[in-house]
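Report on the structure
Listed below are the residues making up each chain.
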Amino acid sequence: VDPTKSEDAVPFDGVQGTSNTLDPKKIKEHFLKFEAMLEHYYEGLARSLLERQIAPTPDDPLYGPMLRAYSDQISRAILRATKAKADGESTMTKMVIGVLGDSVTSGTDNCYYDAWPEALRRQIAPLFAAMGIEVEIRNAAKNGGWNLASQMLCAHDMLGVSDRPDDLGLDFLFVCNPFVHSEAVDAEHVIRRALLGNSHTVFSITVQDKNTMSKEAFLEKYAGAGLTIGTPFQDAVPELGIPDRGYRYWFPAQDKAFWGMQGDGFCHLTTRAGSSAIVNRNWHWGPKVHQTYSDAYALLFSRAARQAIDDMSAGRMPPDPPTPGDYSDTVLQRKEKEESKDDENIVETPPTWKELLLLDMGLEEAVSKGLGGVRCAVGSANQPGSTLLPHWLRPAEGSPFEDKMKSRNGASFVPADHDADGSNFYSIQSPISRPNKPVDDGEWVANPNTFGAEAPRTYEQCRHIDGSTMVNMNYKGKPSGISWLVWEVPSETISIGRAMICHPRTSNSKLAEDSFDKGVVRVHYAVPVGMDGWKVVEDAHESKPVSFVGQECTPVVAEMDEADVRAAREGGMWIALEWKEEGIFDFDYLVAM
């Protein structure tokens, strides 16, 4: 059972699962009724309370261009649905919304049924189904403090986008991470790839590092291309208060007094879906705040859909999406230039991996391929189309490195049966996991010692999407001495010629700063030559020095010559870490760019 496919999100007039549609005027009327319902629910304050959750707000000159970008994206989905109907297809066209984030967005300490991405889908699914469009939410948000920078870098494979037809990509991508932040460079890198890439994904994100990410500067630059910034904490919903930052409304003393509190000040004793009106379970949102945040996005979708319907009815077709050439400079590159003018004592040092990302943002070839321009084998993914670590990891035997490994008395770190049933090489957590704290096993059983009585929810509705396939770094049979960790990057994957390996946020075994200098870890790659040959490049990490600062990812191949990049694009490439036993470290992403 997949909890994201709730059966109560039924389209109007019995058109579920078909391409039958209603008259556009009738559909627009339903959207208007939906907005009126929200206004009634919030006692005439819906617009003032919900609009401030997402910037730009309607009183901002940037709101109109942003709304136009949203409506144009919806128009593209309508055109696909119209074509599918004309072609006689019997199933609905999909509009796919990807979601990344931390434990809040994963719905931790709640039934997944009440998490804001699922609440959003339930609300807008019937409205879009009336237009022949199935709304699909792919939520890869992670509980447990996984790095957000890696998630955003690897969004394409985190969300299994390769299964989309005709290289469509995601229609929308939302990132909400109140607790586990990334930096501004991570944000702008994914913003540019999403909005300006060839698959054009309309993008929303919460503010990341407040010291480096200016909400105003980012919106001024990218709102017209479809960027919005969610502000659930900066402009708190009426029921949300944060200890030591002050309470917006009527919460009592500081500390944890509001944990488990019911209600939002409007006398709502349950959510509209019948769940508890708990504001905050603890530091995690309760069903009431999840509903409010989903309402803010639902209102935005409703307005954009109405505009799309008006445009299509008037014969206005959506324009071509923006390209990297339309947004040549970047917010952070411009800021860096301004700061460098005032500092005459800058000392040139090798770039960090994030400084490489900063350079990439200005390269058309790095941005134009969109989210798919960075491909990854992911340990923490959960979608059916996700690329997982077993898809790339290979035994060294049979690889272009086999002879060199044997000549140095090395052994393959990845066993021959690594992906076989019964192998203990991977630690696998099911993509659909059991309910977490609020729910006991079996059908819904309230636990008065934790969260108290709730509205009835089945066990299936309370399960979570939280899968992972991680390498068990201490697996039985692990070789001693020098071993070779080998992976194969498929053809048509490399874009600019870089490979990285990323590290879990809570890792116990980390890459030591001097591992490369001391030869504890060496990096090699191989690209095809001729019909059956391979060119092996040893110690590739030495070709372009990179500053090691203990960040989320480490470039292992920072630079390749043009001929090798072309060969890797056409025929794929192999990468090997030759590491001594004391140099082995945890990893959760293999990245190819």
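This text goes with the structure placed above it.
The text that follows walks through the structure, step by step, so that each part is easy to find.

Within the secondary structure, Ile 205 is located in strand β5 (residues 202-206). For Ile 205, a relative accessible area of 0% gives the class buried. Apart from residues no more than four positions distant in its own chain, Ile 205 is found in contact with Met 152, Val 175, Ala 187, Met 213, Leu 227, Thr 228, Ile 229 and Gly 230.

Before going further, it helps to examine empty space enclosed by the protein. A water-sized probe, rolled over the atoms, reveals where empty space remains. Under the defined criterion, the tally for this structure stands at four cavities of 30 Å³ or more. For the largest cavity, the calculated volume is near 90 Å³. Leu 50, Glu 51, Ile 54, Pro 56, Thr 57, Pro 58, Tyr 63, Met 66, Ala 296, Leu 299, Leu 300 and Arg 303 are the residues that line the largest cavity. For the lining of the largest cavity, the elements supplying multiple residues, two or more each, are α3 (63-86) and α10 (287-313). In terms of residue count, the dominant contributor to the lining of the largest cavity is α10 (four residues). Across the lining of the largest cavity, the residue classes break down as nine nonpolar, one polar and two charged.

Here we take up the packing of helix α5 (residues 116-129) against α10. Contact pair α5 / α10: the axes reach a minimum separation of 8 Å and the direction vectors enclose 30°. Relative to α10, the element α5 lies roughly parallel. Two packed elements cross with a definite hand, and for α5 against α10 that hand is right-handed. Contact residues: Trp 116, Ala 119, Leu 120, Gln 123, Ile 124 and Phe 128 in α5; His 290, Tyr 293, Ser 294, Asp 295, Tyr 297, Ala 298, Phe 301 and Ala 305 in α10.

Before going further, it helps to spend a moment on the side chain of Arg 76. Along the chain, Arg 76 turns up in helix α3. One buried charged residue, Arg 76, remains without a salt bridge, the closest side chain of opposite sign being Asp 72 at 4.8 Å. Within the structure, Arg 76 has its side chain in polar contact with the backbone oxygen of Pro 319 (distance 2.8 Å). Excluding residues within four positions of it along the chain, Arg 76 makes contact with His 200, Pro 318, Pro 319, Asp 320 and Pro 321.

The strand order across the open sheet formed by four strands is β7-β20-β15-β18, and the pairing between neighbours is antiparallel. Of all the strands in the sheet, just β7 (375-378) and β18 (553-557) have a single pairing partner and so form its edges. The mean angle between the axes of side-by-side strands here comes to 20°, regardless of whether they run parallel or antiparallel. Inspection of the sheet shows strand β15 (residues 499-502) paired to β18 by four bridges, in the antiparallel sense. When the sheet's bridge partners are listed, Met 500 is paired in β18 with Pro 555.

Moving on, we come to the sheet that holds strand β6 (residues 227-230). Consider a sheet: its strands pair through backbone hydrogen bonds, and that pairing is either parallel or antiparallel. In space, the six strands of this open sheet follow the order β1-β6-β5-β4-β2-β3, with mixed pairing throughout. The open sheet is flanked by β1 (54-55) and β3 (133-139), the only strands paired with a single partner. Where β5 lies against β6, four bridges are found, and the strand directions are parallel. Bridged to Ser 204 within β6 is Thr 228. Where α3 meets the sheet, it contacts β2 (93-101), β3, β4 (172-176), β5 and β6, and its direction lies at approximately 140° from that of β2. Lying over the sheet, helix α9 (residues 215-222) contacts β1 and β6, oriented at roughly 155° with respect to β6.

Now for the packing of aromatic side chains. Using the criterion set out here, one finds 21 aromatic pairs in the structure. Geometrically, the ring pair formed by Phe 31 and Phe 128 is edge-to-face, given 5.7 Å between the ring centres and 80° between the ring planes. In this pair, Phe 31 sits in helix α1 (residues 24-41) while Phe 128 sits in helix α5, placing the two residues 97 residues apart along the sequence. In this pair, the class of Phe 31 matches that of Phe 128, namely buried. Relative to Tyr 327, the ring of Tyr 222 lies with its centre 5.9 Å away and its plane at 25°, an arrangement referred to as stacked. Placement of Tyr 222 in helix α9 and of Tyr 327 in the loop between α10 and α11 (331-341) is noted, with a sequence separation of 105 residues between them. By way of ring pairs, the aromatic residues Phe 31, Tyr 70, Trp 116, Phe 128, Phe 172, Phe 174, Trp 285, Tyr 293, Tyr 297 and Phe 301 are connected into one cluster. Seen from the ring of Tyr 113, Arg 122 lies directly overhead, with NZ or CZ sitting 3.7 Å from the centre.

Throughout the structure, instances matching the rule amount to 36 salt bridges. With a shortest N-O distance of 4.0 Å, Glu 29 and Lys 26 are connected by a salt bridge. In this pair, Glu 29 and Lys 26 are both assigned in helix α1, three residues apart and thus about one turn of the helix distant. What makes Glu 29 partly exposed here is its relative accessible area of 35%. According to the relative accessible area criterion, Lys 26 is partly exposed, its value standing at 37%. Look at the salt bridges and you will find they share partners, linking Lys 404, Arg 408, Arg 522, Glu 538, Asp 539 and Glu 578 into a network.

All right, on to the state of the cysteines then. Under the counting rule described, the total for this entry stands at two disulfides. What pairs with Cys 154 in a disulfide is Cys 376, and their sulfur atoms sit 2.1 Å apart. Here Cys 154 and Cys 376 share a disulfide; its torsion about the S-S bond, -80°, makes the bridge left-handed. In this pair, Cys 154 is assigned in the loop between α6 (148-153) and α7 (155-158) and Cys 376 in strand β7, connecting sequence segments 222 residues apart. A relative accessible area of 0% places Cys 154 in the buried class. Each disulfide pairs two cysteine sulfurs, and for Cys 502 the partner residue is Cys 553, the sulfurs being separated by 2.0 Å. Torsion about the S-S bond of the Cys 502 and Cys 553 cystine: about 100°, corresponding to right-handed handedness. With Cys 502 in strand β15 and Cys 553 in strand β18, this residue pair connects regions lying 51 residues apart in the sequence.

For the rest of this paragraph, the subject is the side chain of Ser 380. Within the secondary structure, Ser 380 sits in the loop between β7 and α14 (389-392). Each residue touching Ser 380, except ones within four places of it in the same chain, is listed here: Lys 142, Trp 146, Met 158, Gly 467, Ser 468, Met 470 and Tyr 589.

Quick notes on the rules
- Residues numbered from 1 in each chain as written.
- Predicted model: local features only at pLDDT ≥ 70, side-chain atom pairs only at ≥ 80, totals over all residues.
- Heavy atoms only, no water.
- Helix = DSSP H or I, 4+ residues; strand = E, 2+ residues; numbered from the N terminus.
- Buried < 20%, exposed > 50% of the residue type's maximum accessible area, 1.4 Å probe, protein only.
- Contact = heavy atoms within 4.5 Å.
- 1 Å grid on protein atoms, 1.4 Å probe; cavity = no way out; pocket = protein on both sides within 12 Å on 5 of 7 lines; lining within 4 Å.
- Points joined across faces, edges and corners; volume = space filled by probe spheres on them.
- Nonpolar A, V, L, I, M, F, W, Y, C, P; charged D, E, K, R; others polar.
- Axes fitted to C-alpha atoms, helices over the stretch in contact; angles between N-to-C directions.
- Parallel < 35°, antiparallel > 145°, perpendicular 65-115°, else oblique.
- Left-handed = near helix turned anticlockwise from the far one by under 90°.
- Lys, Arg positive; Asp, Glu negative; His and termini not counted.
- Salt bridge = Lys/Arg side-chain N within 4 Å of Asp/Glu carboxyl O.
- Polar contact = N/O pair within 3.5 Å; in protein donor to acceptor, adjacent residues only side chain to side chain.
- Pairing = 2+ DSSP bridges.
- Phe/Tyr/Trp six-rings, centres within 6.5 Å; stacked < 30°, edge-to-face > 60°.
- Lys NZ or Arg CZ within 6 Å of the ring centre and 35° of its normal.
- Disulfide = S-S within 2.5 Å.

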